[in-house]
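# Close look at the chain arrangement
Below, each chain spelled out in residue letters.
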Amino acid sequence: MSFQTPITIASALDRIHGRGYVLPAIQREFVWSRDKITRLFDSLMRGYPIGSFLMWQVKEENTGRFNFYEFMRDYHERDNAHCAATGPLGNRAITAILDGQQRLTALNIGLCGSFTVKLPRMWANNPLAYPKKVLYLDLLHHSRDGDLAVEYNFRFLTTEEAQIANQGAEAHWYRVSDVLTLRSARDVIRELQHHGVADDEVAGDVLSRLHEVVHVVPTVNFFLEEAQELDKVLNIFIRVNSGGTVLSYSDLLLSVATAQWVEHDARETIHRIVDELNNVGQGFAFSKDLVLKTGLVLLGKGDIRFKVDNFDRETMAALEKHWGGIEKALRLGVALLSDFGFSSVTLTANSVLIPLAYYLNHRSLGDSYRTAEAFREDRAAIRRWLQRSLMKSGIWGSGLDRLLTGLRAVLEKEGAQGWPGDAIEREMTRQGKSLRLEPTEIDDLLDLKYGSKRLFPMLAMLYPGVDTRDHFHEDHIFPRSLLRSRSKLRAAGLADAELPLIEDRADRAANLQLLRGPENMAKQAALPAAWLDKHFQSEAEREGWLREYDATGLPDGVAGFQEFYAARRARMRQRLATLLGTGLAEQVADTPDASQNVPGDEPDPGNEGL
């Protein structure tokens with residue numbers, strides 16, 4: 001390994017675009033945020049060191065032996081989040097980046113590409129949710145507030161945002177990629193004139209400094225490794241990436257698998273299955289960590305921790321050999337979760353997929369399991385277990401590997417003919433993760449607020465009449481807009497003293513129901529009694545719905561909301577206790593209702609998982 005002559009950023013980008021610099025398959029994906037990219041550029045402008053790079057010289061006779069990927073240029077959170085394979089590179093030597101991928105990719109995106117992420121509070125399938133943004137620099141901003149402050153104002157903007165901002169006199173946003181065309185100081189002067197800021201001293205200093213950083217200063221310092229043995233390179237990669245900005249152990253495991261799988265490209269295979277699982281139903285948020293952990297559990301590994309020393313060549317060979325079955329179990333497990341109504345919005349712990357996938361794999365079940373009448377009771381048992389384990393806090397948090405190992409042992413021993421619910425609950429209780437809920441925990445569940453992920457499994461258990469395979473919403477029975485409008489509440493004759501409690505209860509569970517999406521859209525802000533009269537053709541259907549959803553005694557107007565809320569909550573409390581069984585209904589009947597106290601905002605820690 002030897003230290004090489006430093007080069008400029010412009011030279012490094014030329015080599016990236018000419019595929020002289022590539023990424024080895026052992027590298028992970030680009031993971032930096034927009035903020036990290038802008039801070040990197042600020043550091044460069046301030047003359048701060050950004051660290052050395054480690055590169056691997058691959059000789060021309062070995063180029064075809066390994067898989068390589070191109071650098072990310074136009075990042076898109078949904079449509080282009082993975083680096084593309086280079087394909088055949090011909091008989092020529094190349095340089096692969098072992099350490100420094102994130103920094104070089106950030107430079108490539110900032111100077112040559114774009115960064116597109118979803119806007120908050122917009123649907124993932126809405127194309128307008130993903131505005132394309134490129135890096136801009138405010139030429140009129142140069143602050144020296146201290147070592148930790150940002151001196152240069154870099155920001156990702158759409159073209160329209162930059163044009164609108166430039167109509168004022170406070171800022172002048174310059175597209176950073178344009179600096180690549182400026183080869184000399186004279187070019188910089190002409191550029192300042194073109195932008196109408198030639199007379200501004202700050203603008204001249206800022207653009208000159210950007211030109212210097214990109215074209216003049218040899219910023220890219222690197223060491224070059226010339227060994228051609230992949231095992232040695234992999235060991236170097238793991239050592240280097242075990243310090244500093246640490247790769248997750250799943251990244252390291254994926255690197256090991258990529259280096260040692262024979263028939264499959266592990267990197268491409270894992271990323272593909274993650275993307276496809278996350279597109280099932282209403283969408284999920286599974287990670288490669290969870291997929292790889294599932295693989296270790298299904299292989300029967302005694303130690304399933306993400307610890308590099310555990311992932312020897314034998315384990316990697318077994319993972320590849322059994323990958324078809326692992327992938328099949330994952331797909332079926334996620335399809336079942338979607339059938340049960342879960343998604344990224346309602347699934348509090350992704351780790352529930354792992355024991356489910358193990359069970360499906362252990363029984364060699366296929367897609368017919370989702371609908372076949374012969375498995376109806378088995379599916380119902382799994383669904384009840386999922387709901388209970390996701391309703392209760394702390395089940396899927398600490399001690400996860402121990403829990404997964406224990407559940408696997410139970411499923412292997414007693415899960416050959418059906419879901420062994422009682423045995424699973426005994427094992428969970430033994431590990432201090434009992435699914436039994438106390439009366440106070442039921443009160444906590446009933447006081448959950450709209451938006452809590454634990455609401456869905458409780459409402460789905462209480463009111464199973466909604467087909468969760470369809471698109472559905474968590475709907476406010478009494479419209480939220482009405483209960484949070486003090487003027488409308490006063491107009492309905494309610495006293496000011498009642499208003500804070502009504503506003504609080506608007507978003508609590510006793511004012512919520514599961515409703516098919518189209519029905520909820522049609523309902524809009526109608527009062528529930530009026531909506532029911534319009535929705536049901538007969539009084540018998542209306543009364544049946546009221547009984548089914550614990551909504552009997554529904555008042556015509558908002559004046560009776562408080563009494564309706566208290567009565568429905570009490571019925572929900574008793575129904576939930578009855579469904580959970582084991583004498584809980586009797587305990588709840590003898591326990592004072594905690595709703596008599598005004599509840600505060602519940603932090604809802606939920607369950608944590610991979």
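Turning to the overall build of the protein chain, a few remarks are in order. Across its full length, the protein chain holds 26 helices and 13 strands. Each of the 610 residues in the protein chain was classed as buried or not, and the buried ones make up 53%.

For the rest of this paragraph, the subject is the nonpolar core. Within the largest apolar cluster, 106 residues are counted, with the highest numbers of intra-cluster contacts made by Phe286, Leu337, Phe342, Trp385, Trp396, Met458 and Leu576. Those residues in contact with phenylalanine 342, other than ones at most four positions away along the chain, are Phe284, Leu337, Leu347, Leu386, Leu390, Phe456 and Pro457.

Phi at serine 364 is positive, roughly 55 degrees, even though this residue is not glycine. Inspection of the secondary structure puts serine 364 in the loop between α13 (353-362) and α14 (376-391). Assessed through its relative accessible area of 63%, serine 364 is described here as exposed.

With 5 of its 6 residues buried, strand β3 (residues 53-58) lies for the most part within the structure. Inspection of the sheet shows β3 paired to strand β11 (residues 222-225) by 4 bridges, in the parallel sense. If you follow leucine 54 over to β11, its bridge partner there is phenylalanine 223. The pairing of β3 with strand β6 (residues 94-99) spans 5 bridges and is antiparallel.

Next up on the list: the sheet that holds strand β9 (residues 154-157). Ordered in space as β9-β8-β10, the 3 strands form an open sheet in which the pairing is antiparallel. Taken across any chain shown, the strands that pair with only one partner, and hence form the sheet edges, are β9 and β10 (173-175). Pairwise comparison of adjacent strand axes, ignoring direction, gives a mean angle of 45 degrees for this sheet. Pairing between strand β8 (residues 134-138) and β10: 3 bridges, direction antiparallel. What sits directly across from tyrosine 136, in β10, is arginine 175. Strands β8 and β9 of the sheet are contacted by helix α2 (residues 34-45), whose axis makes an angle of about 145 degrees with β9.

Now for the packing of aromatic side chains. Under the counting rule described, the total for this entry stands at 18 aromatic pairs. For the ring pair phenylalanine 284 and phenylalanine 286, a centre distance of 5.1 Å and an interplane angle of 15 degrees mean the geometry is stacked. A ring pair is formed by tyrosine 463 and tyrosine 549, whose centres lie 5.2 Å apart and whose planes are at 35 degrees; its orientation type is tilted. You can see tyrosine 463 sitting in the loop between α18 (455-462) and β12 (472-476) and its partner tyrosine 549 sitting in the loop between α24 (539-548) and α25 (561-580), a full 86 residues away along the chain.

With 86% of its residues at a pLDDT of at least 70, the protein chain reaches an overall mean of 86. Looking across the protein chain, the model is least confident in helix α22 (residues 517-523), with a mean pLDDT of 55, and most confident in α13, with 98. Counting interchain partners and residues more than four positions distant, the pLDDT-below-50 stretch residues 598-603 has 9 contacts.

Let's shift gears to the environment of valine 117. Along the chain, valine 117 falls in the loop between β7 (114-116) and β8. Ignoring sequence-local partners within four residues, the contact set of valine 117 consists of Arg34, Tyr75, Glu77, Ala129, Tyr130 and Pro131.

This part covers α2. Between the first and last C-alpha of α2 there are 17 Å, a value that for 12 residues agrees with the 16 Å anticipated at 1.5 Å per step. Buried residues of α2: Ile37, Thr38, Leu40, Phe41, Asp42, Leu44 and Met45, and no others. Contacts from the buried residues of α2 go to α1 (9-17), α3 (101-112), β7, β8, β9 and α6 (201-215).

Look at helix α9 (residues 266-278) against helix α10 (residues 288-299): their axes get within 9 Å of each other, and the N-to-C directions meet at 110 degrees. Between α9 and α10, the angle is such that the two are roughly perpendicular. Helix-helix and strand crossings are classified by hand; for α9 and α10 the assignment is right-handed. Residues Ile270, His271, Ile273, Val274 and Leu277 of α9 touch α10, and the partners they reach there are Lys288, Val291 and Leu292.

A few words now on the layout of surface pockets. Volume-wise, the second largest pocket comes out at about 700 Å³. What lines the second largest pocket is a set of 26 residues, and nearest its centre among them are Arg379, Ala380, Ala381, Arg383 and Arg384. Mapped by element, the contributors of at least two residues to the lining of the second largest pocket are α12 (323-339), α14, α16 (421-430), α18 and α25. Residue contributions to the lining of the second largest pocket peak at 9 residues, all from α14. Grouping the amino acids of the lining of the second largest pocket by side-chain chemistry returns 11 nonpolar, 4 polar and 11 charged.

Here α25 is 20 residues long and its end C-alpha atoms lie 28 Å apart, about the 28 Å a rise of 1.5 Å per residue gives. Within α25, burial applies to Phe561, Gln562, Phe564, Tyr565, Arg568, Arg569, Met572, Arg573, Leu576, Ala577 and Leu580. Positive phi shows up at glycine 581, right after α25, with a value of about 70 degrees.

This part takes up the pattern of salt bridges. Tallying each qualifying case throughout the model produces 37 salt bridges. Taken together, the shared-partner salt bridges in this structure form one network comprising Arg272, Glu276, Glu327 and Arg331.

Right, let's get into the packing of α1 against α3. Close contact between α1 and α3 brings their axes to 11 Å; oriented N to C, the two are set at 95 degrees. The angle between α1 and α3 places the two elements in the roughly perpendicular class. Two secondary-structure elements touch here, α1 through Ile9, Ala12, Leu13, Ile16 and His17 and α3 through Leu104, Leu107, Asn108, Leu111 and Cys112.

Glancing now at the side chain of threonine 105. Secondary-structure assignment places threonine 105 in helix α3. A relative accessible area of 0% places threonine 105 in the buried class. Polar contacts involving the side chain of threonine 105 include one to the main-chain carbonyl oxygen of glutamine 101, which spans 2.8 Å.

About the cut-offs
Within every chain, residues take consecutive numbers counted from 1 along the sequence as written. Thresholds applied to this predicted model are a pLDDT of at least 70 for local features of residues and 80 or more for the giving and counting of side-chain atom pairs; totals over whole chains, interfaces and linings are not thresholded and use all residues. Excluded from the side-chain calculation are hydrogens and water; included are all heavy atoms of the structure. Note on conventions: DSSP H or I runs of at least 4 residues are helices, E runs of at least 2 residues are strands, and numbering of each starts at the N terminus. To sort residues, take the accessible area from a 1.4 Å probe on protein chains only and compare it with the maximum for the residue type: under 20% means buried, over 50% means exposed, and anything in between is partly exposed. Throughout this description, the term nonpolar core refers to a set of buried Ala, Val, Leu, Ile, Met, Phe, Trp, Tyr and Cys residues connected via side-chain atoms within 4.5 Å. Contacts: residue pairs with any heavy atoms within 4.5 Å of one another. Each pair of strands is called paired provided DSSP finds at least two bridges between the two strands. Helix axes use the C-alpha atoms of the stretch in contact, all axes being lines fitted to C-alpha atoms, and the angles between their N-to-C directions lie in the range 0 to 180 degrees. Centres within 6.5 Å are what make two rings of Phe, Tyr or Trp a pair, Trp counting through its six-membered ring; a difference in plane orientation under 30 degrees is then read as stacked, over 60 as edge-to-face, and the rest as tilted. By definition, pLDDT measures how confident the predictor is in each residue, and it falls between 0 and 100. To estimate how far a helix should reach, multiply one less than its number of residues by 1.5 Å. Our angle categories are set so that under 35 degrees counts as roughly parallel, over 145 as roughly antiparallel, 65 to 115 as roughly perpendicular, and the remainder as oblique. For any helix crossing, the convention is left-handed if the near helix is rotated counterclockwise from the far helix by under a right angle, and right-handed if that rotation is clockwise. Within this scheme a cavity is a closed region of a 1 Å grid, computed over the protein atoms alone, that accommodates a 1.4 Å probe without allowing it to escape, whereas a pocket is open but has protein on both sides within 12 Å along at least five of seven lines; lining residues each have an atom within 4 Å of a point. Grid points are joined across faces, edges and corners, and a volume is the space filled by probe spheres set on the points. The nonpolar class holds Ala, Val, Leu, Ile, Met, Phe, Trp, Tyr, Cys and Pro. Asp, Glu, Lys and Arg form the charged class, and all remaining residues, Gly among them, are polar. For this document, the term salt bridge refers to a Lys or Arg side-chain nitrogen within 4 Å of an Asp or Glu carboxyl oxygen. Pairs of N or O atoms are called polar contacts if they sit within 3.5 Å, as long as, within protein, a hydrogen donor faces a hydrogen acceptor (for residues adjacent in sequence, only side-chain-to-side-chain pairs).

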